[in-house]
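Take a look at the letters that make up each chain.
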Amino acid sequence: MRNVLISGVTGQDGSYLAEFLLKKGYKVFGLERRSSKKNYENIAHILDKIELLSGDLLDEASLVHAIKETKPQEIYNLASQSFVAESWKQPVYTGEVTGLGAVRMLEAIRQANPKIKFYQASSSEMFGAAKEVPQNEKTPFYPRSPYGVAKLYAHWITVNYRESYGIFAVSGILFNHESPRRGLEFVTRKITDAAARVKLGLAKELRLGNLEARRDWGFAGDYVEAMWLMMQQKRPKDYVIATGETHSVKEFVKEAFDYLNLDWKKYVKVDKKFIRPLEVNLLKGDASLANKELGWRPKVNFRQLVRMMVDADLK
(Lines give C-alpha, C1' and ligand atoms only; values in the text may rest on other atoms or scores of the structure.)
Protein backbone atom coordinates (compact mmCIF):
# COMPACT_ATOMS: atom_id res chain seq x y z
CA MET A 1 0.00 0.00 0.00
CA ARG A 2 1.30 3.43 -0.94
CA ASN A 3 1.00 6.38 1.41
CA VAL A 4 0.04 9.81 0.10
CA LEU A 5 -0.03 13.20 1.79
CA ILE A 6 -2.40 15.88 0.41
CA SER A 7 -2.27 19.51 1.48
CA GLY A 8 -5.59 21.25 0.89
CA VAL A 9 -7.46 17.96 1.35
CA THR A 10 -10.67 19.71 2.49
CA GLY A 11 -10.87 21.81 -0.70
CA GLN A 12 -12.51 20.96 -4.00
CA ASP A 13 -9.48 19.33 -5.65
CA GLY A 14 -8.19 17.73 -2.45
CA SER A 15 -11.49 15.98 -1.78
CA TYR A 16 -11.79 14.60 -5.32
CA LEU A 17 -8.15 13.50 -5.28
CA ALA A 18 -8.55 11.78 -1.89
CA GLU A 19 -11.57 9.90 -3.25
CA PHE A 20 -9.70 8.91 -6.41
CA LEU A 21 -6.61 7.67 -4.52
CA LEU A 22 -8.69 5.68 -2.01
CA LYS A 23 -10.13 3.78 -4.97
CA LYS A 24 -6.56 3.15 -6.16
CA GLY A 25 -5.75 1.55 -2.79
CA TYR A 26 -3.66 4.35 -1.26
CA LYS A 27 -3.54 5.17 2.43
CA VAL A 28 -4.56 8.83 2.35
CA PHE A 29 -3.26 11.41 4.82
CA GLY A 30 -4.55 14.97 4.69
CA LEU A 31 -2.89 18.08 6.03
CA GLU A 32 -5.20 20.49 7.84
CA ARG A 33 -4.55 23.89 9.36
CA ARG A 34 -5.37 24.38 12.99
CA SER A 35 -8.46 26.59 13.04
CA SER A 36 -11.41 27.13 15.32
CA LYS A 37 -13.85 26.30 12.52
CA LYS A 38 -13.53 22.88 10.89
CA ASN A 39 -14.67 22.69 7.29
CA TYR A 40 -15.21 19.01 6.44
CA GLU A 41 -18.13 19.45 4.06
CA ASN A 42 -16.24 18.17 0.98
CA ILE A 43 -14.75 15.14 2.75
CA ALA A 44 -17.57 14.24 5.18
CA HIS A 45 -18.35 11.06 3.20
CA ILE A 46 -14.71 9.80 3.39
CA LEU A 47 -13.68 11.19 6.78
CA ASP A 48 -13.57 7.69 8.30
CA LYS A 49 -11.32 6.44 5.46
CA ILE A 50 -8.58 9.10 5.59
CA GLU A 51 -6.31 10.36 8.34
CA LEU A 52 -5.97 14.09 9.07
CA LEU A 53 -2.98 15.65 10.73
CA SER A 54 -2.05 19.18 11.66
CA GLY A 55 0.25 21.18 9.38
CA ASP A 56 0.55 24.61 7.79
CA LEU A 57 2.30 25.86 4.65
CA LEU A 58 3.43 28.87 6.69
CA ASP A 59 5.35 26.59 9.10
CA GLU A 60 8.08 24.43 7.57
CA ALA A 61 8.72 22.47 10.79
CA SER A 62 5.10 21.26 10.77
CA LEU A 63 5.60 19.98 7.21
CA VAL A 64 8.79 18.10 8.12
CA HIS A 65 6.95 16.55 11.07
CA ALA A 66 3.98 15.55 8.85
CA ILE A 67 6.28 13.89 6.30
CA LYS A 68 8.18 11.96 8.98
CA GLU A 69 4.93 10.83 10.58
CA THR A 70 3.15 9.70 7.40
CA LYS A 71 6.13 8.43 5.33
CA PRO A 72 4.42 9.21 1.99
CA GLN A 73 5.63 8.07 -1.42
CA GLU A 74 3.69 10.94 -3.02
CA ILE A 75 2.80 14.48 -1.89
CA TYR A 76 0.22 16.65 -3.64
CA ASN A 77 0.45 20.34 -2.76
CA LEU A 78 -3.07 21.61 -3.41
CA ALA A 79 -3.34 24.09 -0.52
CA SER A 80 -3.23 27.80 -1.35
CA GLN A 81 -5.03 31.10 -1.04
CA SER A 82 -6.79 30.29 -4.29
CA PHE A 83 -9.30 33.08 -4.80
CA VAL A 84 -7.98 35.53 -7.42
CA ALA A 85 -10.13 38.49 -6.32
CA GLU A 86 -9.05 38.04 -2.69
CA SER A 87 -5.38 38.08 -3.72
CA TRP A 88 -5.72 41.80 -4.50
CA LYS A 89 -6.88 42.40 -0.92
CA GLN A 90 -4.30 40.05 0.63
CA PRO A 91 -1.29 40.11 -1.72
CA VAL A 92 1.36 39.41 0.94
CA TYR A 93 -0.59 36.55 2.54
CA THR A 94 -1.26 35.09 -0.93
CA GLY A 95 2.47 35.21 -1.66
CA GLU A 96 3.30 33.54 1.66
CA VAL A 97 0.86 30.64 1.29
CA THR A 98 0.53 30.14 -2.46
CA GLY A 99 4.12 30.99 -3.42
CA LEU A 100 6.45 30.39 -0.48
CA GLY A 101 4.26 27.54 0.81
CA ALA A 102 5.44 25.40 -2.11
CA VAL A 103 9.14 25.97 -1.38
CA ARG A 104 8.58 25.16 2.29
CA MET A 105 7.06 21.83 1.25
CA LEU A 106 9.90 21.15 -1.20
CA GLU A 107 12.48 21.98 1.49
CA ALA A 108 10.70 19.64 3.89
CA ILE A 109 10.89 16.85 1.26
CA ARG A 110 14.58 17.59 0.63
CA GLN A 111 15.34 17.31 4.33
CA ALA A 112 13.08 14.40 5.24
CA ASN A 113 13.24 12.18 2.12
CA PRO A 114 14.22 13.44 -1.37
CA LYS A 115 12.80 10.26 -2.95
CA ILE A 116 9.23 11.44 -2.34
CA LYS A 117 7.37 12.42 -5.52
CA PHE A 118 5.93 15.96 -5.44
CA TYR A 119 2.99 17.46 -7.32
CA GLN A 120 2.53 21.24 -7.46
CA ALA A 121 -0.85 22.70 -8.38
CA SER A 122 0.07 25.31 -10.99
CA SER A 123 -2.60 27.46 -12.65
CA SER A 124 -3.66 28.88 -16.00
CA GLU A 125 -3.72 32.27 -14.20
CA MET A 126 0.09 32.23 -14.69
CA PHE A 127 -0.58 32.87 -18.41
CA GLY A 128 -2.70 35.93 -17.61
CA ALA A 129 -2.43 38.32 -20.55
CA ALA A 130 -1.28 35.47 -22.79
CA LYS A 131 0.47 36.33 -26.05
CA GLU A 132 -1.03 33.35 -27.87
CA VAL A 133 -4.24 31.32 -27.94
CA PRO A 134 -4.48 28.50 -27.03
CA GLN A 135 -1.85 28.28 -24.29
CA ASN A 136 0.44 25.25 -23.99
CA GLU A 137 3.57 24.25 -22.03
CA LYS A 138 5.75 26.56 -24.15
CA THR A 139 3.56 29.69 -23.90
CA PRO A 140 5.29 32.55 -22.02
CA PHE A 141 3.76 33.47 -18.67
CA TYR A 142 2.33 36.93 -17.96
CA PRO A 143 0.34 36.78 -14.69
CA ARG A 144 -2.16 39.57 -13.99
CA SER A 145 -2.90 39.16 -10.28
CA PRO A 146 -1.00 38.58 -7.02
CA TYR A 147 -2.43 35.03 -7.12
CA GLY A 148 -1.03 34.42 -10.62
CA VAL A 149 2.37 35.82 -9.60
CA ALA A 150 2.47 33.64 -6.45
CA LYS A 151 1.56 30.56 -8.47
CA LEU A 152 4.34 31.40 -10.93
CA TYR A 153 6.90 31.51 -8.11
CA ALA A 154 5.69 28.11 -6.88
CA HIS A 155 5.83 26.74 -10.44
CA TRP A 156 9.41 27.86 -11.10
CA ILE A 157 10.70 26.80 -7.68
CA THR A 158 9.31 23.32 -8.43
CA VAL A 159 11.26 23.28 -11.71
CA ASN A 160 14.39 24.44 -9.83
CA TYR A 161 14.16 21.73 -7.17
CA ARG A 162 13.64 19.11 -9.87
CA GLU A 163 16.69 20.25 -11.83
CA SER A 164 18.94 21.12 -8.87
CA TYR A 165 18.23 18.25 -6.47
CA GLY A 166 16.86 15.53 -8.75
CA ILE A 167 13.52 15.44 -6.90
CA PHE A 168 10.63 13.92 -8.86
CA ALA A 169 8.67 17.17 -8.92
CA VAL A 170 5.92 17.99 -11.43
CA SER A 171 3.52 20.87 -11.98
CA GLY A 172 0.07 20.50 -13.45
CA ILE A 173 -0.88 23.74 -15.20
CA LEU A 174 -4.60 23.31 -14.70
CA PHE A 175 -7.12 25.54 -16.39
CA ASN A 176 -10.36 26.42 -14.55
CA HIS A 177 -12.02 23.34 -13.14
CA GLU A 178 -15.29 23.41 -11.27
CA SER A 179 -17.73 21.15 -9.45
CA PRO A 180 -20.56 21.19 -6.91
CA ARG A 181 -17.77 21.39 -4.29
CA ARG A 182 -16.49 24.74 -5.56
CA GLY A 183 -16.55 27.52 -2.95
CA LEU A 184 -19.45 29.97 -3.17
CA GLU A 185 -17.04 32.89 -3.71
CA PHE A 186 -16.07 31.52 -7.17
CA VAL A 187 -18.06 32.89 -10.09
CA THR A 188 -19.25 29.52 -11.43
CA ARG A 189 -20.68 28.34 -8.11
CA LYS A 190 -22.03 31.83 -7.43
CA ILE A 191 -23.99 31.51 -10.69
CA THR A 192 -25.39 28.00 -10.12
CA ASP A 193 -26.23 28.75 -6.49
CA ALA A 194 -28.06 31.96 -7.51
CA ALA A 195 -29.96 30.22 -10.33
CA ALA A 196 -31.17 27.57 -7.88
CA ARG A 197 -32.17 30.23 -5.30
CA VAL A 198 -34.08 32.27 -7.89
CA LYS A 199 -35.89 29.12 -9.05
CA LEU A 200 -36.90 28.30 -5.46
CA GLY A 201 -37.94 31.89 -4.71
CA LEU A 202 -35.06 32.45 -2.27
CA ALA A 203 -33.34 35.20 -4.27
CA LYS A 204 -34.31 37.89 -6.76
CA GLU A 205 -31.01 38.88 -8.40
CA LEU A 206 -27.40 37.96 -9.10
CA ARG A 207 -24.64 40.59 -9.20
CA LEU A 208 -21.57 39.82 -11.32
CA GLY A 209 -18.51 41.57 -12.75
CA ASN A 210 -17.16 41.06 -16.27
CA LEU A 211 -19.65 38.92 -18.22
CA GLU A 212 -17.41 38.80 -21.31
CA ALA A 213 -14.41 37.10 -19.63
CA ARG A 214 -13.84 33.75 -21.32
CA ARG A 215 -12.50 30.65 -19.60
CA ASP A 216 -11.67 27.04 -20.34
CA TRP A 217 -13.88 25.23 -17.80
CA GLY A 218 -13.60 21.54 -16.97
CA PHE A 219 -14.73 19.19 -14.19
CA ALA A 220 -12.47 18.91 -11.13
CA GLY A 221 -13.14 15.16 -10.85
CA ASP A 222 -11.56 14.66 -14.30
CA TYR A 223 -8.59 16.89 -13.51
CA VAL A 224 -7.40 15.04 -10.39
CA GLU A 225 -6.89 11.94 -12.53
CA ALA A 226 -4.44 13.96 -14.64
CA MET A 227 -2.52 14.91 -11.46
CA TRP A 228 -2.12 11.24 -10.56
CA LEU A 229 -1.11 10.25 -14.10
CA MET A 230 1.70 12.86 -14.05
CA MET A 231 3.08 11.26 -10.89
CA GLN A 232 3.16 7.76 -12.47
CA GLN A 233 5.42 8.73 -15.39
CA LYS A 234 9.05 7.60 -15.66
CA ARG A 235 10.32 11.18 -15.88
CA PRO A 236 8.91 14.26 -14.15
CA LYS A 237 7.42 16.80 -16.55
CA ASP A 238 4.91 19.67 -16.44
CA TYR A 239 1.62 19.44 -18.33
CA VAL A 240 -1.23 21.76 -19.31
CA ILE A 241 -4.60 20.25 -18.36
CA ALA A 242 -7.61 21.79 -20.12
CA THR A 243 -10.65 21.06 -22.29
CA GLY A 244 -9.53 23.21 -25.23
CA GLU A 245 -12.97 24.88 -25.29
CA THR A 246 -13.73 28.39 -24.15
CA HIS A 247 -16.98 29.89 -22.84
CA SER A 248 -17.85 33.33 -21.49
CA VAL A 249 -19.26 34.05 -18.03
CA LYS A 250 -22.42 35.12 -19.87
CA GLU A 251 -22.65 31.68 -21.54
CA PHE A 252 -22.26 30.01 -18.14
CA VAL A 253 -25.07 32.19 -16.75
CA LYS A 254 -27.34 31.48 -19.74
CA GLU A 255 -26.73 27.71 -19.53
CA ALA A 256 -27.54 27.62 -15.79
CA PHE A 257 -30.67 29.79 -16.00
CA ASP A 258 -31.96 28.20 -19.24
CA TYR A 259 -31.69 24.77 -17.60
CA LEU A 260 -34.19 25.99 -14.98
CA ASN A 261 -36.42 27.72 -17.59
CA LEU A 262 -35.46 31.17 -16.31
CA ASP A 263 -34.66 34.29 -18.35
CA TRP A 264 -31.24 35.29 -16.98
CA LYS A 265 -31.57 38.90 -18.20
CA LYS A 266 -34.33 39.51 -15.63
CA TYR A 267 -32.09 38.59 -12.70
CA VAL A 268 -28.43 39.34 -13.54
CA LYS A 269 -26.95 42.79 -12.83
CA VAL A 270 -23.39 43.91 -13.61
CA ASP A 271 -21.77 45.40 -10.49
CA LYS A 272 -18.50 47.37 -10.85
CA LYS A 273 -17.27 46.22 -7.45
CA PHE A 274 -16.75 42.71 -8.89
CA ILE A 275 -14.47 43.94 -11.70
CA ARG A 276 -10.78 43.27 -10.98
CA PRO A 277 -8.00 45.89 -11.22
CA LEU A 278 -6.50 43.87 -14.10
CA GLU A 279 -8.81 41.58 -16.04
CA VAL A 280 -7.76 38.35 -17.76
CA ASN A 281 -10.13 38.22 -20.70
CA LEU A 282 -9.33 34.94 -22.41
CA LEU A 283 -7.77 31.67 -21.26
CA LYS A 284 -7.89 28.58 -23.46
CA GLY A 285 -5.68 25.56 -22.93
CA ASP A 286 -4.01 23.16 -25.33
CA ALA A 287 -3.72 19.80 -23.52
CA SER A 288 -2.46 17.84 -26.53
CA LEU A 289 0.77 16.84 -24.72
CA ALA A 290 -1.26 15.38 -21.82
CA ASN A 291 -3.58 13.67 -24.33
CA LYS A 292 -0.59 12.08 -26.06
CA GLU A 293 1.75 11.24 -23.17
CA LEU A 294 -0.64 10.67 -20.27
CA GLY A 295 -3.59 9.34 -22.28
CA TRP A 296 -5.75 11.88 -20.45
CA ARG A 297 -8.92 13.42 -21.81
CA PRO A 298 -11.80 15.22 -20.06
CA LYS A 299 -14.98 13.15 -19.72
CA VAL A 300 -17.47 15.83 -18.59
CA ASN A 301 -18.39 18.57 -21.10
CA PHE A 302 -19.39 22.18 -20.42
CA ARG A 303 -23.16 21.64 -20.46
CA GLN A 304 -22.93 18.54 -18.23
CA LEU A 305 -20.73 20.46 -15.78
CA VAL A 306 -23.12 23.43 -15.46
CA ARG A 307 -26.14 21.13 -15.04
CA MET A 308 -24.36 18.95 -12.47
CA MET A 309 -23.64 22.07 -10.40
CA VAL A 310 -27.18 23.46 -10.76
CA ASP A 311 -28.68 20.10 -9.72
CA ALA A 312 -26.47 19.96 -6.63
CA ASP A 313 -27.39 23.52 -5.65
CA LEU A 314 -31.11 22.84 -6.15
CA LYS A 315 -30.83 19.97 -3.66
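Model, not experiment: these values are computed from the prediction.

## Observations regarding helix 10 (residues 302-314)
The first and last C-alpha atoms of helix 10 sit 18 Å apart over 13 residues, in line with the 18 Å expected at 1.5 Å per residue. By the burial criterion, the buried members of helix 10 are F302, L305, V306, M309, V310 and D313. Projection of helix 10 onto a plane perpendicular to its axis shows the buried side chains occupying an angular sector of 130°, all on one side. For helix 10, the elements touching its buried residues are strand 7 (177-178), helix 6 (187-199), strand 10 (218-219), strand 12 (247-248) and helix 8 (249-259). A side-chain oxygen of the first residue of helix 10 lies 3.2 Å from the backbone nitrogen of R303; this N-cap is N301.

## A look at the domain arrangement of the chain
The assigned domain composition of the chain is domain 1 (2-177 + 217-241) and domain 2 (182-215 + 246-283 + 300-314). A separation of 27 Å is found between the C-alpha centroids of domain 1 and domain 2. Counting residues at the interface gives 19 residues for domain 1, matched by 20 residues for domain 2. Carbon and sulfur atoms supply 67% of the area buried between domain 1 and domain 2, which totals about 1,900 Å² over both sides. Contact with domain 2 buries area across many residues of domain 1, yet F83, R144 and W217 alone supply 40% of it, more than any other trio.

## Considering the pairing of strand 1 (residues 3-7)
Remember that side chains alternate between the two faces of the sheet whenever the strand is regular. The element strand 1 is extensively covered by neighbouring structure, given that 5 of its 5 residues are classed as buried. Side chains N3, L5 and S7 of strand 1 all project onto a buried face; the interleaved residues V4 and I6 project onto the opposite face, where all are buried too. In the sheet, strand 1 pairs with strand 2 (residues 27-32) via 5 bridges, with the strands oriented parallel. Opposite S7, over in strand 2, you have L31 as the bridge partner. Where the polypeptide runs from strand 1 across helix 1 (residues 12-23) and back to strand 2, its parallel neighbour, the crossover connection is right-handed. The pairing of strand 1 with strand 4 (residues 74-77) spans 4 bridges and is parallel. Among the inter-strand pairings, V4 is bridged to a residue of strand 4, identified as E74.

## Regarding the packing of helix 2 (residues 60-70) against helix 4 (residues 91-112)
The N-to-C vectors of helix 2 and helix 4 enclose an angle of 45°; their axes lie 9 Å apart at closest approach. On the basis of their axis angle, the class for helix 2 and helix 4 is oblique. Handedness of the helix 2/helix 4 crossing: right-handed. Contacts from E60, L63, V64, I67 and K68 in helix 2 reach R104, M105, E107, A108, I109, Q111 and A112 in helix 4.

Reading the values: the criteria
- Residues numbered from 1 in each chain as written.
- Predicted model: local features only at pLDDT ≥ 70, side-chain atom pairs only at ≥ 80, totals over all residues.
- Heavy atoms only, no water.
- Helix = DSSP H or I, 4+ residues; strand = E, 2+ residues; numbered from the N terminus.
- Expected span 1.5 Å × (residues − 1).
- Buried < 20%, exposed > 50% of the residue type's maximum accessible area, 1.4 Å probe, protein only.
- Arc of directions from axis to C-beta.
- Contact = heavy atoms within 4.5 Å.
- Polar contact = N/O pair within 3.5 Å; in protein donor to acceptor, adjacent residues only side chain to side chain.
- Domains from an automatic or database assignment.
- Buried area = accessible area lost by both parts, 1.4 Å probe.
- Pairing = 2+ DSSP bridges.
- Right-handed = clockwise from strand over helix to strand, strands pointing away.
- Axes fitted to C-alpha atoms, helices over the stretch in contact; angles between N-to-C directions.
- Parallel < 35°, antiparallel > 145°, perpendicular 65-115°, else oblique.
- Left-handed = near helix turned anticlockwise from the far one by under 90°.

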